[in-house]
Amino acid sequence: MYKFFNRCSVVVAISAVCVVLLFFLERDNRSVPFAIAVVLTLTVLIFNFTQRVRASLLLSWCIVFIVAAISLTKQRLMGFNVHVFDLLTFATDSDSLHFVLINYWKTLIPLPVALLLAAWFVRGLFRADRPLHIAPLWRLAGIFSVAVFLTISYPRSPGDHGYYMGGHFATSLFVSLTDTSFLFEEIELTREVAAREVAAPFHRGQMCGDMSSAPDLYIIHMESMFSPSLYPDWKFGGPDGYLARETADWRPLRVETFAGASWTTTFSLMTGLPAIDFGWMRPYLPIFMAGKVKNALPQLLAACGYRTLAVMPTRYEMVNEGPFLKSIGFEEVYDRDDVGAGASHARDRLFYEFTMALVSDHKNSTDPRPLFVFVQTMTTHGPYDDVSQPEDAVGGMPFGNRPDIDEFLRRMTLARQDYAPFLAFVDQNKAKGGAVVVEYGDHQPSVSQDSADAAVRGQAAADWNSPLYQTYFDVHAYGRDVKSLPPMTMDVGFLGVTIADAAGLPNNAAQRALLMLRDQCAGSYHSCADKALVWDHLGKLTVSDLLELP
């Protein structure tokens, strides 16, 4: 068998098939030459150690396609291709690794199997291949040639971080190796802000108002939730069905991630900053920005006397999100271990029950402070290839979609059913000044990508304005008048300040300036038609010591 695969004609035929497959994996003809250059580079390097050219070439194809499979899997699960920085962040984060292994073990099983089979196959190839002795000068010429090929075929334009958002599965990791220089450079946001001429810093005083009539504020992070009516091909019970009624009044919201990396949405909402403009740092912001934001919503409310609490469905240290939440003003952060969530897909009611116990204890104590409570949920988290908690029946199932879409909609139904008793509890236990509950979808699930791609007739993940980045928010007020909200689709970076303003919560000069920026940019932060307004605002935050940029 190995002699057959070591025939020159067979190696050429396999390579030709692999080149064709690259076009499907890259989805961008411009990056295919670079992928071929990577294969040839690996071949030359391996050959210099083994002196077996055919086996070296086949091993190089194996490496590139295994990397492509990993990248495709990560993009489907987290909305971002594999990147060299993953090795510096997620790979050294035991909580992140535990989360991935517990939730996605079925998806990951083929990887070690493929590695073992490839190792067994390649081992036989090298044994069967005859050594080819080439003079050192020609070896150097080969190394020089592939280096030139790599350089001239390099596909990513400077600052194009969208390269890692769609397609480019075979090349993303290798292209990202050049991004290691970013660790020693300022990001574009920092350079733009540094170039601004700021007349005067923001006044640092808070406008707390009469705190005796301040409302409780609850912000509910709805995992992977959005309105399924966004995609006409989805069936979810008809116009009179449960989900149609639940989502009828939802307002559109633009977020900056899909399928995963929920902390990106949390970052933008709480800080009032555009995560996209942090470029390559976007997936790792809780790591890089902890302790550097001084004007986040929980900081502002805590300064005016609010008790601030956060409840997480993951472990405290995962992606540094717990320490980050502490650094932006949450006095108490409870993780999945505190809640007692043993299952990776624990029902949302578990987190609501834990939160209600905290709130009840507070209301029964002598602590007069109003509450700011942030709750992250988990029921609708992927993957969706298995029925989660099958004992919980949902009417109307199956809805008539692909099984994974139906399972997402089933979990969404369960999540909405868990949410209703929590809203009733908030109403019954509101503060003297009432209570305001804001719910929002952190990102769309991985199962919506095909529908989004079809809607834009391309790669929706690479287009920040595609439907793939639209979720929702909704506001429930109990015993509190809330101003009418602006009729616009806004970026999530504007949501926190918008809700605070509508509910009459404490503010400061920087928050009022952010509201003005929202209106000037028609709700678009990253895509503001006059981006200079964004840079000016961020520049003023930095000179006011309210923001430290990396």
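Above: the structure in question.
Residues numbered from 1 in each chain as written. Predicted model: local features only at pLDDT ≥ 70, side-chain atom pairs only at ≥ 80, totals over all residues. Heavy atoms only, no water.

## Focus: the packing of aromatic side chains
Using the following cut-off: Here the aromatic set is Phe, Tyr and Trp, taking the six-membered ring for Trp, and pairing holds for ring centres within 6.5 Å; pairs whose planes are under 30 degrees apart are stacked, those over 60 apart are edge-to-face, and all others are tilted. For the purposes of this entry, the term helix denotes a DSSP run of H or I that reaches at least four residues, the term strand denotes a run of E that reaches at least two, and both are numbered from the N terminus. Relative accessibility under 20% of the residue-type maximum defines a buried residue, over 50% an exposed one, and the middle range a partly exposed one, all with a 1.4 Å probe and only protein chains included.
Evaluated as defined, the whole model comprises 25 aromatic pairs. Centre to centre, the rings of phenylalanine 226 and phenylalanine 408 are 6.0 Å apart; their planes meet at 25°, and the pair counts as stacked. Of this pair, phenylalanine 226 sits in the loop between strand S2 (216–222) and helix H11 (242–247) while phenylalanine 408 is found in helix H18 (residues 403–428), placing the two residues 182 residues apart along the sequence. A single burial state applies to phenylalanine 226 and to phenylalanine 408, both of which are buried. Seen from their ring centres, phenylalanine 494 and tyrosine 525 are 4.4 Å apart, and the 10° between their planes marks the pair as stacked. Of this pair, phenylalanine 494 sits in the loop between strand S9 (490–491) and helix H20 (495–502) while tyrosine 525 sits in the loop between helix H21 (509–520) and helix H22 (531–543), and the two are 31 residues apart along the sequence. Here the two residues phenylalanine 494 and tyrosine 525 agree in accessibility, since each one is buried. Among the aromatic residues, those joined into a ring-pair cluster are Phe85, Phe182, Trp280, Tyr284 and Phe288.

## Overview of empty space enclosed by the protein
Heads up, the rule is: A cavity here means a set of 1 Å grid points, computed over protein atoms only, where a 1.4 Å probe fits but cannot escape. A pocket is an open set with protein on both sides within 12 Å along at least 5 of 7 lines, and lining residues have an atom within 4 Å of a point. Grid points are joined across faces, edges and corners, and a volume is the space filled by probe spheres set on the points. Amino acids are sorted into nonpolar (Ala, Val, Leu, Ile, Met, Phe, Trp, Tyr, Cys and Pro), charged (Asp, Glu, Lys and Arg) and polar (every other residue, Gly among them).
A complete count under the given rule lists nine cavities of 30 Å³ or more for this structure. Taken as a whole, the largest cavity spans an internal volume of roughly 90 Å³. Around the largest cavity, the lining residues are Arg254, Val255, Glu256, Ile276, Trp464, Asn465, Asp491, Ser524, His526 and Ser527. Looking at the lining of the largest cavity residue by residue, the class counts come to three nonpolar, four polar and three charged. The computed volume of the second largest cavity comes to approximately 70 Å³. Considering the residues around the second largest cavity, the lining is formed by Thr271, Gly272, Leu273, Val293, Asn295, Ala510, Gln511, Leu514, His537, Leu541, Leu546 and Leu547. No other element matches the three residues that H21 contributes to the lining of the second largest cavity.

## Structural notes on the state of the cysteines
For clarity, the threshold we go by: Pairs of cysteine sulfur atoms within 2.5 Å are what we label disulfides.
Summed over the entire model, instances satisfying the criterion amount to two disulfides. Between the sulfur atoms of cysteine 208 and its disulfide mate cysteine 304 the distance is 2.0 Å. As the torsion about the S-S bond is roughly -75°, the cysteine 208-cysteine 304 disulfide counts as left-handed. Of this pair, cysteine 208 sits in the loop between strand S1 (206–207) and S2 while cysteine 304 sits in the loop between helix H14 (297–303) and strand S4 (307–311), and the two are 96 residues apart along the sequence. Cysteine 304 gets classed as buried once you look at its relative accessible area, which sits at 8%. Disulfide pairing is shown between cysteine 521 and cysteine 528; the S-S distance is 2.0 Å. Between cysteine 521 and cysteine 528, the disulfide has an S-S torsion of -75° and is therefore left-handed. Exposure class is identical for cysteine 521 and cysteine 528. Each is buried. Shown here for the protein is a disulfide pattern of 1-2, 3-4, where each number marks a bonded cysteine counted in sequence order. In this model cysteine 18 remains outside any disulfide bridge; the closest cysteine sulfur is found in cysteine 62, 8.1 Å from its own.

## Regarding the pairing of S4
The condition is simple: A pair of strands counts as paired when DSSP detects no fewer than two bridges linking them. With the strands aimed away from the viewer, a crossover counts as right-handed if its path from the first strand over the helix to the second runs clockwise.
Most of S4 sits inside the fold, with five of its five residues counted as buried. Residues Arg307, Leu309 and Val311 line one face of S4 and the alternating positions Thr308 and Ala310 line the opposite face, and both faces are buried. Here S4 runs beside strand S6 (residues 371–376); their pairing, made up of five bridges, is parallel. Residue pairing in the sheet places valine 311 in a bridge with valine 375 of S6. Looking at chain direction, S4 and strand S5 (residues 332–334) are connected through three bridges and run parallel. Bridge assignment links leucine 309 to a residue of S5, and that residue is glutamate 332. Since S4 and S5 lie parallel, the crossover through helix H15 (residues 321–327) that links them has a hand, and here it is right-handed.

## A closer look at unusual backbone geometry
The amide bond that connects glycine 382 to the next residue, proline 383, takes the cis arrangement and shows omega of 0°. Mapped onto the fold, proline 383 is located in the loop between S6 and H18. For the bond running from methionine 397 to proline 398, omega is -5°, close enough to zero to count as cis. For histidine 168, which is not glycine, the phi torsion reads 55° and is therefore positive. Examined against the element boundaries, histidine 168 turns out to sit in the loop between helix H8 (136–153) and helix H9 (172–176). Positive phi is not limited to glycine here, since arginine 457 has a value of about 55°. Turning to its location among the elements, arginine 457 is positioned in the loop between helix H19 (449–456) and strand S8 (470–478). What makes arginine 457 exposed here is its relative accessible area of 82%.

## Examining the sheet that holds S5
Read across the sheet, eight strands follow the order S5-S4-S6-S2-S7-S8-S3-S9 without closing on themselves; strand pairing throughout is mixed. For this open sheet the edge positions go to S5 and S9, each flanked by a neighbour on one side alone. Relative to S9, strand S3 (residues 251–254) is paired through two bridges, and the arrangement is parallel. Residue pairing across strands places arginine 254 opposite aspartate 491, the latter belonging to S9.

## Here's the deal with helix H17 (residues 348–363)
The condition that has to hold: Expected span of a helix, by definition, is 1.5 Å for each gap between consecutive residues, and there is one gap fewer than residues. By the convention used here, residues are in contact when the closest approach between their heavy atoms is within 4.5 Å.
The first and last C-alpha atoms of H17 sit 22 Å apart over 16 residues, in line with the 22 Å expected at 1.5 Å per residue. Every buried residue belonging to H17 is among Asp348, Phe351, Tyr352, Phe354, Thr355, Met356, Leu358, Val359 and His362, and all of these are buried. Packing partners of the buried residues in H17 comprise S2, S4, S5, helix H16 (336–339), S6 and H18.

## A word on the packing of helix H3 (residues 32–50) against helix H4 (residues 53–78)
Helix packing for two helices is described by the angle between their axes and how far apart those axes are. Where we set the bar: Axis definition: a line fitted to C-alpha atoms, over the contacting stretch in the case of helices. Angles run 0 to 180 degrees between N-to-C directions. Any angle that falls under 35 degrees is termed roughly parallel, while one over 145 is termed roughly antiparallel, one within 65 to 115 roughly perpendicular, and all others oblique. Crossings are assigned a handedness: left-handed for a near helix turned anticlockwise from the far helix by less than a right angle, right-handed for a clockwise turn.
Viewed as axis vectors pointing N to C, H3 and H4 meet at an angle of 135°, and their least axial separation amounts to 8 Å. When the interaxial angle is binned, H3 and H4 end up oblique. As for the relative orientation of H3 and H4, their crossing is right-handed in sense. Taking contact as the criterion, the partners of Val38, Val39, Leu42, Thr43, Ile46, Phe47 and Thr50 in H3 are, on H4, Val53, Ser56, Leu57, Leu59, Ser60, Trp61, Ile63 and Val64. Among the residues forming the contact of H3 with H4, the class breakdown is eleven nonpolar, four polar and no charged.

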